[in-house]
Structures are given as structure tokens and as C-alpha cells.
Amino acid sequence: MTTWKGTAGRADCDRRSFRETGTRAARLAGALHDEFGVRPGDTVATLMANTADHLEAYLAVPAMGAVLHTLDPSLPGDELVAAATAGGARVLLTDPTGLPPLASVLPRLGHLRHVVVAGGSESVPVVTGPACGAETHDYELLIADRRKHHDWPRIDERDAAVLCHTTGPGTGPRGVAYSHRALYLHALQAQTPQAYGIGEHDVVLPAVPMSRMLAWGLPYAAFACGASLLLPGAHHRAAPLAELLEQERPTLAVADPATWDGLLAELASRPRDLSSLREAVVVGGPGQEPGGPLRMRALRDLGHRDGDDGRTGLSTAAAWGVPEALSPACVARSAADGGAGYRFPASVEYGVLGTDRAPLPWDGRSQGELLLRGPWITASYVQPPGGSPATPDGTAGDGAPFGTENADAPGGLGGGADSAGGGPGGGAGSAGRPGDAGGPPHPAALHDGWLRTGETAVITPDGRVAMQPPRPPSGGDRDG
């Protein structure tokens, strides 16, 4: 695990082995348990950059049976307060990236009791003082001298492991919880050639935030298969990323369109050696087409080098995802026959729905709303009861509320009958604190148990999905 510090020279990077990372994660779990009383079902929040310390929280918190709540430092203050309050964590881990937004809203987070600051003890005073009702702790001092092994509890695979919040126009924070089962299955899928195709010899650069959509599944997938992780820390601007790419030589880089466009401009003015890269992945969400032809052509050209070494160009891919489906939900690459389009993995069922809510044919022409269901597709949102802090209640993001499954697929939308698709409105069951009354899960936009993505798409006869520009409003809604 390498965290980039943004300065020249390999010695300035923070490098940790798998063994060291695992040991430190166990020590963090012990500290959370012994010092703060964190128990299974409790929520622990992070407000951090892409660092090895953040990765240790990714590992420690779910493994001890608690729920990791990733908060995005880039959120506006009101949205950050709303998401943090909905999660209800008593303990929050942060670092120099998260400190400025945290300091600005901390007096409004009355539920917080402990703030753990990574990245150096000099940062701790930023969040101390009479306006702060929480105790502050230095991350390194907190985990020092702890046992190297933690007594990990037995955990049901359908218990909630990670909680994130998504916001939209006119909506408050909507919680999406992912179960251990969903994370494990998605990590396996993300390693396949149909997704990232990563293995133990890869060096993976997630230039997408770990605070948002779990960095598109890369931390768990890379750790599961033994691939090295190259974490950019707080350095997401083009110049330091270009320096990182040249010096640390990743084999796979994943970033959003704006980041790639900035890198392309930087490399045009100051070329770098990116010959280590085998693939560049451009990610995008609803209403976006990350893999524009001009951008993809420019990225492929980065693979060309002077000399006759047989290198023909950099492989490129476009990935699409939404918080309600662990991302990437699907990946698009150019096919050998010249065709292109997103391919969903076999474990995810998909189809398109017409304005009359009838399934549309896979003919490459019929446009409709894209529907999904599968082992890591959300069936309902986490809903705080009466506006009080939320617990991951009712759904674990693996297609059905905890303990409930509905394997009957509506005819004509997809093959297979083994997907765990929850019915509209979800069901009972809880992954929150033992004995917590909680509230019912708030149904996601569903149609007969399928997640309605709101994305317009067409599907070709061979199953490729092409996202289309949003259609004009037709008077329908997404509450079905």
C-alpha cells in the first residue's frame, strides 16, 4: 500500500505491506472497541482522503461487526451535516483533507463523542476548543501498543458493513447500506476481465475518492486479490497525478472524466513516461457518458512510445455506476467485431422499461429506463426513524432486505431466477444495533423488485447496453 505524498523521490511515499496494513487494522479495531466501546452494529464514520489509514478503517470497522460510514469532504456544509447526522456515528476518523470541512461544521454535530485525527498530531488542535463537544485523539498514539491480533466476532454475511449517503435535487441524504455478502461478491466480480481484470501483479491507482462510492470497488477488490494499491492521498490535481503515474508506474488507473481531461492537458504540455499503464478506466454516473470517443482516442494515444517496441496503444474502458449499485455496475470496451456498449456481469439482471411500464425488446432501437437487480443492487434506502440518527436497517444493498428474498423475475426483463431481488417496499429485518427500534427502510424506486435507475438506455440483441441522453419528461414518475 503506497500513499503518495506529492513530492519527488520514492522515500517520501508512505509504504506499507499487506501484513503491516492488516496488523494496523487489527490494532485500530482493538482501539475502537476498548477505548470507545464500539460494538457490532455501531456506526464509525470517516472523513478522509485516499490513504493507507483510510484503507485500515475500510478493513477494521466492518470486520469488527461495526458499520463504516464514508463521508465526503467535498460535500457542502449543510449536506455534510445532514449525512453525518443521519449516520449517527459517535466516532469519526479524519485527516488533513477532512479537517477543514469538519472544523466548519463540528459544532453542529452534537452526536459526535470522539474525533480521531490521522496524518500527524499537529493536526489535532484544529478541532479542539470549547465549540467542540467531542474528544480528539491522535490516530498513531491511539493504535500504538495495541495487540497485533483482534478477537474478531462472528458476523452474519447479510449484516450491514458499509453505509454511504447520496443526495439529489430536492432530497435529503438517502442512505445506502452494503452487506458483507454484497461487498465480497462484488470484490470477486471486480477482479474479472469483464470488470477491471486485476491480479496480484497489478499496481492499481484509484484516482476516485474512497469517500464516495467506495472508490468504485477498487480498495476491496485489490486487497482481495493481492494487487498493490497506489493511493494519491490528497493529490488529485493533474500535475501531481502525472508525477505519480511516471514515478510509481501503476498498471491500472481509474478516474472520472474531469480528472482524465486535466491529465491529458498536463501531459500535452509536459509529456511523461506512462508505459507501465495497461489500461485507463473512465468512470461516470447517471446522465454521463464517460467514454467519449475523443477522450478515449486521446487516452489510447498515451500508450504510444517512440521506438519500435510493438506497443500499439493504451487499453481504455468506460465504467458506469450509481450508489444504489456497487460500482462499477458495468464496463464498456470496444469489441473485436467493432461493436461497443456496456456489459453487465452474469450475476446482474437488467432490462429496459417503456413509458407504459412494459418490458421493451432488446433490438438496439427501443429506448427505455434501465432496470437492474442482483446480489449487490439496492432494494431500499436506510431511513432514520422520526428524523433521529439512522442505523443500517432493512437492506444491505445485496438486492433484498435482510432475511428476505424474491427470486421471481418479471417476464421479459432478464434471464435467470437466482437473483436476490427484494419486492417493492422491502420487508422487515434489521442490521442495526441489537435492540434498536429503528425505522422501516424507505423503498428505492422499484418496479416489481427491480431498481429503476432513471437512466435511458437501449439494449442490443447480443446484450450490450448503450446509455442514451435523457428523454424529455413524459409525465411519468419513478415511484412505481
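See above for the structure.
Criteria and thresholds
Residues numbered from 1 in each chain as written. Predicted model: local features only at pLDDT ≥ 70, side-chain atom pairs only at ≥ 80, totals over all residues. Heavy atoms only, no water. Helix = DSSP H or I, 4+ residues; strand = E, 2+ residues; numbered from the N terminus. Salt bridge = Lys/Arg side-chain N within 4 Å of Asp/Glu carboxyl O. Buried < 20%, exposed > 50% of the residue type's maximum accessible area, 1.4 Å probe, protein only. Polar contact = N/O pair within 3.5 Å; in protein donor to acceptor, adjacent residues only side chain to side chain. 1 Å grid on protein atoms, 1.4 Å probe; cavity = no way out; pocket = protein on both sides within 12 Å on 5 of 7 lines; lining within 4 Å. Points joined across faces, edges and corners; volume = space filled by probe spheres on them. Nonpolar A, V, L, I, M, F, W, Y, C, P; charged D, E, K, R; others polar. Contact = heavy atoms within 4.5 Å. Pairing = 2+ DSSP bridges. Axes fitted to C-alpha atoms, helices over the stretch in contact; angles between N-to-C directions. Phe/Tyr/Trp six-rings, centres within 6.5 Å; stacked < 30°, edge-to-face > 60°. Expected span 1.5 Å × (residues − 1).

*Asks:* Please give an account of unusual backbone geometry that cites residues and values.
*Replies:* Omega for the peptide link from Ser327 to Pro328 comes to 5°, which places this bond in the cis form. Along the polypeptide, Pro328 turns up in strand β15 (residues 325-332). Even without glycine at this site, Ala215 takes up a positive phi of about 50°. Examined against the element boundaries, Ala215 turns out to sit in the loop between β10 (203-206) and α7 (218-225).

*Asks:* Explain the pattern of salt bridges to me, and be specific about the residues and the numbers.
*Replies:* Pairing is possible between side chains of opposite charge, provided their charged atoms come close. Per the counting criterion, the structure on display carries 22 salt bridges. Between Arg16 and Asp53 there is a salt bridge; the shortest N-O distance is 2.9 Å. On the criterion of sequence distance, the pair formed by Arg16 in the loop between β2 (14-15) and α1 (18-36) and Asp53 in helix α2 (residues 52-63) is long-range, its members being 37 residues apart. Each member of the pair, Arg16 as well as Asp53, carries the same accessibility label: buried. One network of salt bridges, in which partners are shared, links Asp14, Arg16, Arg24, Asp53, Glu56 and Glu140.

*Asks:* Go over the side chain of Asn50 with me, naming the residues and quoting the values.
*Replies:* Note that Asn50 resides in the loop between β3 (43-47) and α2. With relative accessibility at 2%, the residue Asn50 sits in the buried group. Looking at Asn50, its side chain comes within polar contact range of the main-chain oxygen of Pro206, at 3.0 Å. In terms of polar contacts, Asn50 uses its side chain to reach the backbone carbonyl oxygen of Val208, at 2.8 Å.

*Asks:* For empty space enclosed by the protein, give the residues involved together with the corresponding values.
*Replies:* Applying the stated criterion across every chain, the model contains 4 cavities of 30 Å³ or more. By volume, the largest cavity amounts to about 70 Å³. Lining of the largest cavity is provided by His186, Gln189, Ala190, Gln194, Ala195, Pro328, Ala329, Cys330, Val331, Arg343, Phe344 and Pro345. When residues of the lining of the largest cavity are assigned to their parent elements, the largest contribution, 4 residues, is made by β15. By residue class, the composition of the lining of the largest cavity is 8 nonpolar, 3 polar and 1 charged.

*Asks:* Go over the environment of Thr259, please, and point to the residues and values.
*Replies:* For Thr259, the position within the fold is in helix α9 (residues 257-269). Of the residues examined, Thr259 reaches a relative accessible area of 15% and is grouped as buried. Sequence separation of Thr259 and Ala207 is 52 residues, and the distance between their C-alpha atoms is 8.0 Å. Apart from residues no more than four positions distant in its own chain, Thr259 is found in contact with His236 and Leu241.

*Asks:* Got a sec to walk through the sheet that holds strand β9 (residues 174-179)? Specific residues and values, please.
*Replies:* Spatially, the 7 strands line up as an open sheet ordered β7-β6-β5-β3-β4-β8-β9, and their pairing is mixed. Since the sheet does not close on itself, it has two edges, and those belong to β7 (135-138) and β9, each with one partner. Strand-to-strand, the axes of this sheet are offset by a mean angle of 25°, without reference to chain direction. The pairing of strand β4 (residues 67-70) with strand β8 (residues 160-166) spans 2 bridges and is classified as parallel.

*Asks:* Describe in detail the packing of aromatic side chains, supporting the description with residues and values.
*Replies:* Describing an aromatic ring pair means giving the distance of the ring centres and the angle of the ring planes. Tallied over the full model, the rule gives 4 aromatic pairs. Following the ring pairs from residue to residue traces out a cluster consisting of Phe344, Tyr350 and Trp362.

*Asks:* Lay out α9 in plain terms, naming residues and giving numbers.
*Replies:* Residues three or four positions apart in an α-helix share a direction because the helix packs 3.6 residues into each turn. For α9, with 13 residues, the first-to-last C-alpha span of 19 Å sits near the 18 Å given by 1.5 Å per residue. Taken as a whole, α9 has its buried residues at Pro257, Thr259, Trp260, Leu263, Leu264, Glu266 and Leu267.

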